[in-house]
Amino acid sequence: MPLEGEYEPSPTAWVRKQVELYESSGGTEGTTMRGLPVVLVTSLGSRSGKLRKTPLMRVEHEGSYALVASNGGAVKHPVWYHNLVATPLIELRDGPHVEDMKTRLVTGGERRAWWERAVAAFPDYADYQRRADREIPLFVAEPVVRDV
Ligand code: F42
């Protein structure tokens, strides 16, 4: 885990329950939404300094992941967006596999390529983008490279 802090569960009941089931089962249960796979992202609260755990749709490509700040098509970015801007390090759980990763916001052609992968993985993102009065931010999470 690249981050230190006390875990503060989500105030949203269905999200909190998904996180609990996902983690307590070792990544074998609670790993989908509407039949599609989900990953768990642990970030550092930019104000509280507490650990926040956020389920997001799984958009994977060659060992990297897109983290799509869609917030269900709401006009505001999700709070976790600000956490990643302040502290890009995260822990990402994909089923039983847990990895330290570093995130960065992507733009231009790189964003477009990842957006296509995101919509292929979770078609509702396209509706969310139409509904949201903002360009939905997209982070790419990549493995933290360690010296050996
Ligand atoms: N949300 C997405 O945006 N994209 C997805 O692909 C996605 C998939 C998904 C799949 C399953 C599932 O169960 C949920 C899914 N969600 C997805 C919803 C997602 O998990 C989040 O609930 C949603 O994005 C809203 O994120 P949020 O960070 O705005 O969460 C709110 C409800 C929240 O937890 N707020 C906390 C609170 O107490 O109100 C604050 C959390 C926080 O990080 N606070 C910071 C701190 O310092 O601790 C403050 C940061 C600041 O600058 O204010």
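Residues numbered from 1 in each chain as written. Predicted model: local features only at pLDDT ≥ 70, side-chain atom pairs only at ≥ 80, totals over all residues. Heavy atoms only, no water.

Draft legend 1. Region of the structure containing the packing of aromatic side chains. With the rule as written, the count across this model stands at 6 aromatic pairs. With 6.1 Å between their ring centres and 40° between their planes, Trp115 and Tyr125 make a pair best called tilted. In this pair, Trp115 sits in helix H3 (residues 108–121) while Tyr125 sits in helix H4 (residues 124–131), placing the two residues 10 residues apart along the sequence. The class of Trp115 is buried, set by a relative accessible area of 15%. For Tyr125, a relative accessible area of 2% translates into the label buried. A centroid spacing of 6.4 Å and a plane angle of 75° characterise the contact between Tyr125 and Tyr128, whose relative ring orientation is edge-to-face. Of this pair, Tyr125 and Tyr128 both sit in helix H4, 3 residues apart, roughly one helical turn. Across this residue pair, the class does not change: Tyr125 and Tyr128 are buried. By the ring-pair criterion, three or more aromatic residues cluster together here, those being Trp115, Phe122, Tyr125 and Tyr128. Positioned above the aromatic ring of Tyr7, the side-chain terminus of Lys53 is 4.6 Å from the ring centre. Sitting over the face of the ring of Trp114, Arg117 holds its NZ or CZ atom 4.7 Å from the ring centroid. (Phe/Tyr/Trp six-rings, centres within 6.5 Å; stacked < 30°, edge-to-face > 60°. Helix = DSSP H or I, 4+ residues; strand = E, 2+ residues; numbered from the N terminus. Buried < 20%, exposed > 50% of the residue type's maximum accessible area, 1.4 Å probe, protein only. Lys NZ or Arg CZ within 6 Å of the ring centre and 35° of its normal.)

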